[in-house]
Every structure is written in structure tokens, then in C-alpha cells.
Amino acid sequence: MKNTILNIAVDTPVSQIFDYYLPKDSDQIPKIGQRVLVPFGRREVIGFIHGVSDESSLPKSKIKYCKSIIDEAPLINKEAHGLISWCKNYYHYPLGKTYATAVPKYLRSGKTPAIESMVFQKSGVERKLTTHQKKAFDNCVELLKKPSPVLLNGVTGSGKTEIYLQLMKKALDKKQQVLFLVPEIGLTPQLFEAISSRFGNCVGLIHSSTSEKLKAEAWLSARENKLSIILGTRSSIFVPFRKLGLIVIDEEHDESYKQQSGLMYSARDLAVLRAKKLGCGLILGSATPSYESLLNAENGKYNEVRLDKRVFSNKPPEKRLVNLNINPSSKGLSAPLLNAISQTLENGEQSLLFINRRGYSPISMCEECGKIDECPKCESNLVFYRGSLKLKCHHCSHQEEVKEACSVCEGKKITIGHGTEKIEEELEAKFPKEIIIRIDRDTTRSNKKREEVFGHAKSGKAKILVGTQMLTKGHDFPNLSLVAFVNVDQGLFGSGYRSSERFAQQYYQASGRCGRRDKKGLVLLQTHNPENESLKALLDDSYIAFYQKNKVDRKRLGWPPYTYSILIRAESPNERNVFIFLDAIAEFIEKSQDQKLIKVLGPIQSPIGRIRGKKRGQLMLKSKNRKKLHEMGGRLLSFVDTKRVGTKVKWSIDVDPTDHS
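Each value, and the rule that gives it
- Residues numbered from 1 in each chain as written.
- Predicted model: local features only at pLDDT ≥ 70, side-chain atom pairs only at ≥ 80, totals over all residues.
- Heavy atoms only, no water.
- Helix = DSSP H or I, 4+ residues; strand = E, 2+ residues; numbered from the N terminus.
- Buried < 20%, exposed > 50% of the residue type's maximum accessible area, 1.4 Å probe, protein only.
- Areas by Shrake-Rupley, 256 points an atom, 1.4 Å probe, with all protein chains shown as cover.
- Lys, Arg positive; Asp, Glu negative; His and termini not counted.
- Charge placed at Lys NZ, Arg CZ, Asp CG, Glu CD.
- Pairing = 2+ DSSP bridges.
- Axes fitted to C-alpha atoms, helices over the stretch in contact; angles between N-to-C directions.
- Contact = heavy atoms within 4.5 Å.
- Phe/Tyr/Trp six-rings, centres within 6.5 Å; stacked < 30°, edge-to-face > 60°.
- Expected span 1.5 Å × (residues − 1).
- Arc of directions from axis to C-beta.
- Parallel < 35°, antiparallel > 145°, perpendicular 65-115°, else oblique.
- Left-handed = near helix turned anticlockwise from the far one by under 90°.
- Nonpolar A, V, L, I, M, F, W, Y, C, P; charged D, E, K, R; others polar.
- Core = buried A, V, L, I, M, F, W, Y, C linked by side-chain atoms within 4.5 Å.
- Salt bridge = Lys/Arg side-chain N within 4 Å of Asp/Glu carboxyl O.

Digging into the overall build of the protein chain
Within the protein chain, the secondary structure is distributed over 18 helices and 28 strands. A principal-axis box enclosing the C-alpha atoms of the protein chain has dimensions of 80 × 65 × 50 Å. Counting the 661 residues in the protein chain, one finds 55% classified as buried. As displayed, the protein chain offers around 30000 Å² of accessible surface, 48% of which is attributable to carbon and sulfur atoms. Each charge class in the protein chain was averaged separately, 105 positive and 73 negative side chains, and the resulting centres sit 4 Å apart.

Structure, rendered in C-alpha cells:
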């Protein structure tokens with residue numbers, strides 16, 4: 001054991017792992033996945049044993065001794081170790097940083113909480129499935145016996161949640177564990193209640209508002225099979241299990257499953273990987289599946305189950321366009337929309353107004369000279385918040401007090417455009433006797449506030465709801481009969497190639513919330529472009545029909561899911577350094593033997609060219625050959641490290657990017 005070398009992963013931004021000897025005078029047998037305390041520079045840090053070997057490339061005199069091995073048994077089991085290794089290679093991310101993403105902070109600090117057994121005890125009563133639900137459930141049961149993921153493609157209100165619960169019971173009856181992922185923290189309370197009332201005290205909860213200690217307890221309890229179910233958001237995909245039998249990804253299309261900083265992983269894609277390696281079942285559920293999942297179903301990689309009937313109503317909502325060229329809006333609300341809200345209130349029913357923009361107004365401008373208030377650190381307008389009388393940047397932490405007069409000419413300030421706060425204010429003026437609830441990131445920051453606003457919304461106490469895409473995800477509002485899109489053009493005509501897909505998903509998700517039970521629903525869309533073909537297709541077709549038309553352009557233009565891509569971003573206070581770096585990357589690729597298989601787009605300035613005072617640029621690689629693309633990603637890392645071309649910039653690799661800003 002004296003010559004045993006421990007390969008330690010340490011939370012540092014470098015790609016290498018570090019070699020150490022066993023602790024002096026230790027007779028402990030090292031195991032992969034154990035935590036260790038090691039000297040690192042002038043500090044002592046917690047690392048993970050990633051490998052054990054008999055030799056090192058370092059001279060013996062350079063190898064330090066571990067201070068101690070913290071765990072008796074490995075904290076990271078074999079499956080979790082393999083997942084971390086795969087992520088490091090696929091996403092081209094430092095190994096130590098990958099461990100830091102996968103393991104709760106409480107455990108990475110060297111602490112180990114006590115855990116108790118909370119196993120499955122059936123306590124609730126299953127709901128009787130409708131004919132259509134029963135058929136879909138039976139199909140899922142049979143298809144889960146096969147090695148491919150099951151795409152449960154069910155319209156909003158079709159009862160997918162009950163199918164999830166009954167599939168979970170089948171897994172629990174076999175003494176298996178379940179991982180249930182949702183895209184938003186706001187969805188966890190209702191699902192936690194549904195799961196715990198059905199299965200008892202056997203579910204652990206992991207999301208951004210869960211304390212670090214509770215995350216660690218749930219994480220370890222799942223590893224020891226002392227918890228039967230983990231319900232959580234994106235990061236829960238890394239929880240190790242003893243006997244994982246089923247993974248459920250609800251709203252699988254949602255872009256929140258893709259991490260946008262650090263280790264830029266896709267929780268949905270990792271679920272596919274885990275299910276394949278473990279041989280466990282995987283359900284991907286959505287009313288508006290991602291184009292990637294629909295194409296995988298078409299190609300036979302996924303098994304698809306359709307659920308086209310709503311549980312409570314067979315009546316599709318009526319859909320109407322409001323032509324803003326004929327019916328101009330006042331502060332975002334047109335006369336037809338106000339009349340529809342009034343009629344809904346007379347009927348004792350709820351209205352939901354959707355606008356995917358927070359704050360009061362996206363632009364604060366001088367009426368005299370036209371100067372727009374901009375963030376001093378970012379290439380972005382400051383958003384006006386009337387409630388706090390602040391101007392805030394949505395890309396950094398900068399905020400400042402609102403000034404009534406222009407700083408240049410002392411002219412009068414005016415606001416342009418509408419956000420949720422402005423729509424809420426106008427609704428309060430038009431309907432002063434009604435309870436109006438605004439639901440966006442600003443009003444749901446705490447657990448208490450989140451539960452309060454969603455409680456008012458679901459109980460029907462609030463008759464008018466206004467909010468962002470948070471309102472479109474998985475919520476059931478029984479009394480909702482009107483859904484209105486305040487600004488269709490803002491979503492439909494975005495600059496990214498996914499704009500139409502994302503807006504279609506928001507449209508079908510939001511419109512599917514209304515007219516449930518026995519109510520007749522109405523969907524209003526305010527637009528200046530009523531003759532637009534894509535908009536007409538949304539009104540006339542199903543989501544699948546819209547996809548079939550839209551995918552033709554994706555394929556013709558060579559965008560995912562028909563190609564694979566890697567986005568390289570760079571930033572620096574000096575813009576010249578950004579493009580020296582990106583030009584070097586582009587030149588390296590163009591000189592490589594695989595350059596004919598890989599298309600280089602850029603370098604260009606990022607859509608938001610400056611954030612937090614740093615100039616930003618990007619370069620995209622596209623290819624139909626995923627293997628060659630990833631080989632190139634690995635060679636790029638080696639090139640940057642060897643030539644040291646990235647020393648003057650902060651840069652990152654985003655594999656399978658969903659956000660190009």
C-alpha cells in the first residue's frame with residue numbers, strides 16, 4: 001500500500017486530476033468515490049478519489065500525502081462515478097468542477113448528516129383512469145419493458161400526472177426507487193402533496209430552496225435506499241440510487257432542464273443516459289414535446305404514447321386574434337380583451353394574461369432627446385420597476401433609483417413597452433374590486449410567497465392572473481376560462497432559430513390551461529401581424545401539425561435536431577482579446593482534417609455584447625457527425641491548454657446549446 005497513488009478530483013477550474021499518496025501511517029484501503037482531505041497550495045481542501053493506481057507521472061518528491069480519508073465506504077457509488085466521468089468528457093468540463101456540480105455542498109464540506117429510513121407505505125387511493133388514460137397507461141407499462149425511453153405525448157389536461165403516479169406505484173411495488181424531475185420549483189408543492197398523500201412519507205425534495213443539509217440527507221437517503229422517491233428540479237439528476245427503477249421527466253421540453261452556466265448539462269439528456277446504463281424505465285412527458293424528442297420518436301429511438309383527450313372536457317377552447325392595427329391597445333390591453341375579461345368576471349370565472357416580460361417597462365427614455373437608460377455594465381436596457389421605483393438590469397445585479405428628469409437634457413422621462421408589473425397596474429385600474437395576482441420571478445422568490453400566490457390562483461380567490469411562462473407549466477386552475485396573450489409578436493418573431501418552437505410550446509401550454517372541467521374556454525392573441533402564416537398555423541393546427549410544418553425549415557437550414565452543435569463563448573474587458581482568442585479557435589478548426597465535416601459560424605459578437613463590464617463574443621460549431629464534433633471539442637481543449645491562447649479571456653464550451661445569448 002505504500003506506493004499506492006490516489007487520483008484526486010479537486011474543485012478547481014483546471015482539467016487535470018491530482019496525485020497523492022495515502023495518508024501517512026494509514027492502513028485504510030482506499031476506494032473510488034471516497035472523500036479525502038488533501039493539502040492544496042496553502043489550503044487543505046476536500047477532494048474525491050476518482051482512481052487508484054500504482055504509478056504517477058510526477059516525480060516522487062512532488063507527490064504529497066493525503067491528510068485523511070473521510071469516508072469508510074465510498075460516498076460516490078459506481079453508477080454516480082460513471083455519470084460524473086461521462087459528463088466531464090461529453091461536456092468538456094473540469095473533473096473537479098463536475099464533482100462539485102453533482103455532489104451537494106454540505107457533503108463537499110466534509111460533513112455527513114444522519115439519515116433515517118422512510119420507505120414506501122401506500123396511504124392514498126388511486127383515481128380511476130378514464131378510458132383514454134387507461135389505454136395510455138397500459139401502453140406505457142408494456143413499452144417500459146423495452147430498453148427505449150417512452151415519450152408520453154399528452155395534451156394539457158389529459159391527466160398525465162395520474163398516469164405518472166400509477167406507474168410509480170408499479171415500480172415501488174417491485175421495491176424499486178423513483179426519480180421525478182420537474183422544470184420549475186413552483187411545481188414541486190402540488191406534486192409533493194400528490195405523491196406523499198398517495199405513497200406516504202417516502203419522498204425527498206431537492207431544489208434551489210431546499211437547505212444544503214436537507215439536500216445532503218435526501219441525497220444520501222436515496223443512495224442507501226432509505227427513501228423511495230426523489231422529487232426535484234434539474235440538479236436532482238445526479239442523485240445516486242441503490243435500486244432506481246423509474247425516471248419521470250415532466251414537461252420534458254422545458255429549457256430549464258438545461259444548465260446555462262458552469263457544467264452546462266441537460267438533465268433530460270442525462271436521464272436518457274442513466275436509464276440506458278441502469279436498464280430502468282424512463283418516461284418523458286409533455287403536451288408540447290421538444291423537436292429533439294419528436295424526431296427521436298419518428299426515428300424509433302423513443303417509443304411514443306399519445307394521449308389526445310382531456311379528462312374533464314372534450315371542448316377545445318375558442319381561439320380569436322385581436323388585430324391591434326384595428327383595435328389598438330392602451331397600456332397593453334385592447335378593448336376586445338377588456339370586454340372578454342369583464343364577461344369572464346360576470347360568469348364568476350378566472351382570466352390569465354400571459355406576457356413573458358418582467359418589470360413595468362423594458363425601456364425608460366427621455367421624451368426630448370431620446371436617451372434610453374442603459375445598464376453601465378451590460379449592453380442592455382434597464383427595466384423600469386414602478387413598485388420599487390428602481391431601474392434594474394436583468395443580466396447583472398445593477399440597479400439604480402429612477403430619476404424623473406433626463407441626465408443629458410433634463411427632459412421628461414417616458415416608458416415604452418409593457419411588462420407584467422405594468423399590465424397588473426392597468427388591470428387594477430380597470431377592475432378595482434377584483435383580486436389580481438402577478439406571478440413571475442419577482443413575486444415568487446421565497447417559498448412562502450410562492451405558495452401564497454399559487455394558492456390564491458388555484459383556489460379561484462384571485463379572479464385575474466397575470467404572469468410569465470411560470471404560469472404555463474403544469475398548473476391546474478379549475479376555474480380558468482380565459483387565456484390572453486398580451487404580446488404575441490414579441491414571442492413569435494424572436495431572433496433565435498428556436499423562437500417559433502418556444503412560442504408554440506408556450507401557446508399550447510397556456511391555452512390548454514383554460515376551459516377545463518365543464519367550462520368553455522376562450523384564447524385571445526393580441527398581434528399586429530394577424531396574417532402571419534405561423535400564427536395562423538398555431539390557431540388552426542395541433543402542436544404536432546405545427547411541428548411537422550416547422551421542422552421542414554429546421555432541416556433545410558441545418559439546425560438541431562438535424563445537426564449537432566457546440567457554442568464557444570469568450571469574454572474579457574478588452575474586446576480585442578475576445579476575438580484574438582476566437583479567431584485562433586476558428587483557424588485551428590479550419591486547418592484540421594475534419595474541417596469539411598464541421599461548419600464554423602463566426603466569430604461574432606454575442607447577442608448581448610457586454611455583461612458585467614465584459615465584452616462578449618462567440619463561435620458556433622455545427623456538424624451532422626456528433627462523434628467528430630466531440631472529438632474536435634476535445635482537441636480544442638488540448639489546443640487551448642498547450643498554446644495558452646485563452647489566458648487573457650474567460651471562456652466556456654456549451655455542448656448542445658439551447659440559449660445563444
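Thoughts on the sheet that holds strand β8 (residues 177–181)
What the 7 strands build is an open sheet, ordered β9-β10-β8-β11-β12-β7-β13; its pairing is parallel. The sheet is open, and its two borders are formed by β9 (203–206) and β13 (303–307), each paired with just one other strand. Taken pair by pair, the neighbouring strands of this sheet meet at an average axis angle of 15 degrees, ignoring direction. In terms of strand pairing, β8 meets strand β10 (residues 229–232) through 4 bridges, oriented parallel. By the bridge assignment for β10, F180 is matched with L231. Contacts between helix α7 (residues 212–223) and the sheet are confined to β8, β9 and β10, with β9 contributing the most and set at about 135 degrees to the helix. Packed onto the sheet, helix α9 (residues 291–298) meets β7 (150–154), β12 (281–286) and β13 and runs at close to 115 degrees relative to β7.

Overview of the packing of aromatic side chains
Counting across every chain of the model gives 18 aromatic pairs. For the ring pair Y508 and Y543, a centre distance of 5.6 Å and an interplane angle of 80 degrees mean the geometry is edge-to-face. On the criterion of sequence distance, the pair formed by Y508 in helix α14 (residues 499–511) and Y543 in helix α16 (residues 543–557) is long-range, its members being 35 residues apart. Taken as a pair, Y508 and Y543 share a single burial class, namely buried.

Some thoughts on helix α6 (residues 188–199)
The terminal C-alpha atoms of α6 lie 16 Å apart, and with 12 residues this matches the ideal 16 Å at 1.5 Å per residue to within 8%. The complete set of buried residues in α6 reads T188, L191, I195, R198 and F199. All buried residues of α6 project into a common sector of 110 degrees when viewed along the axis, lining one side. Where α6 is buried, its residues meet α5 (160–173), β8, β9 and β10. Positive backbone phi, at 85 degrees, marks G200, one or two positions downstream of α6.

Regarding the packing of α5 against α6
Where α5 contacts α6, the axes come no closer than 11 Å and their chain directions differ by 40 degrees. As the angle between them shows, α5 and α6 are arranged oblique. Judged by the sense of rotation from one axis to the other, the crossing of α5 with α6 is right-handed. On α6, the residues that touch T161, E162, L165, Q166, M168, K169 and L172 of α5 are L191, A194, I195, R198 and F199. Of the residues contributing to the contact of α5 with α6, the split by class is 7 nonpolar, 2 polar and 3 charged.

Examining the nonpolar core
Grouped together as the largest cluster of nonpolar side chains are 105 residues, with contacts concentrated most on F485, L538, I568 and L621. At 7 residues, helix α17 (residues 575–590) tops the list of elements feeding residues into this core. Beyond its immediate stretch of four places on either side in the chain, I568 contacts F581, L582, I585, G617, Q618, L619, L621, L636, W651, S652 and I653. Core analysis: the second largest hydrophobic core is formed by 32 residues, L167, L172, V248 and L307 among them.

Focus on the side chain of N577
Checked against the element boundaries, N577 lands in helix α17. Here N577 falls in the buried class, since its relative accessible area comes to 17%. With sequence-adjacent residues up to four places away left out, N577 is seen in contact with S572, K648 and V649.

A look at the sheet that holds strand β3 (residues 35–40)
Taken together, 6 strands build an open sheet; the order of strands is β5-β2-β1-β4-β3-β6 and the sheet is mixed. Of all strands in the sheet, those bounded by a partner on one side alone are β5 (64–65) and β6 (68–69). For β3 and β6, the ladder comprises 2 bridges, and the chain directions are antiparallel. Residue pairing for β6: L37 is matched across the bridge by S68. Running at roughly 65 degrees to strand β1 (residues 5–10), helix α2 (residues 95–102) makes contact with β1 and β4 (43–53) of the sheet.

Notes on the pattern of salt bridges
Tallied over the full model, the rule gives 37 salt bridges. Linking K67 and E44 is a salt bridge whose minimum nitrogen-to-oxygen distance equals 3.8 Å. With a gap of 23 residues between them, K67 in the loop between β5 and β6 and E44 in strand β4 connect regions that are remote in the sequence. Here K67 falls in the partly exposed class, since its relative accessible area comes to 48%. Judged by relative accessible area, E44 falls into the partly exposed class, the value being 47%. A salt bridge links D442 to R358; the nearest nitrogen and oxygen atoms lie 2.9 Å apart.

Re the pairing of β9
Sheet analysis places β9 next to β10, joined by 4 bridges and oriented parallel. Its bridge partner being in β10, V203 is matched across the sheet by I229.

With respect to the pairing of strand β15 (residues 350–354)
Within β15, 5 of the 5 residues are buried, leaving the element largely enclosed by the surrounding structure. Residues of β15 alternate between two faces, with Q350, L352 and F354 on one and S351 and L353 on the opposite face, all of them buried. In terms of strand pairing, β15 meets strand β23 (residues 480–485) through 5 bridges, oriented parallel. For Q350, the partnering residue across the bridge sits in β23 and is L480. One ladder, built from 4 bridges, connects β15 with strand β22 (residues 464–467); its direction is parallel. Bridging across to β22, S351 finds its partner in I464.

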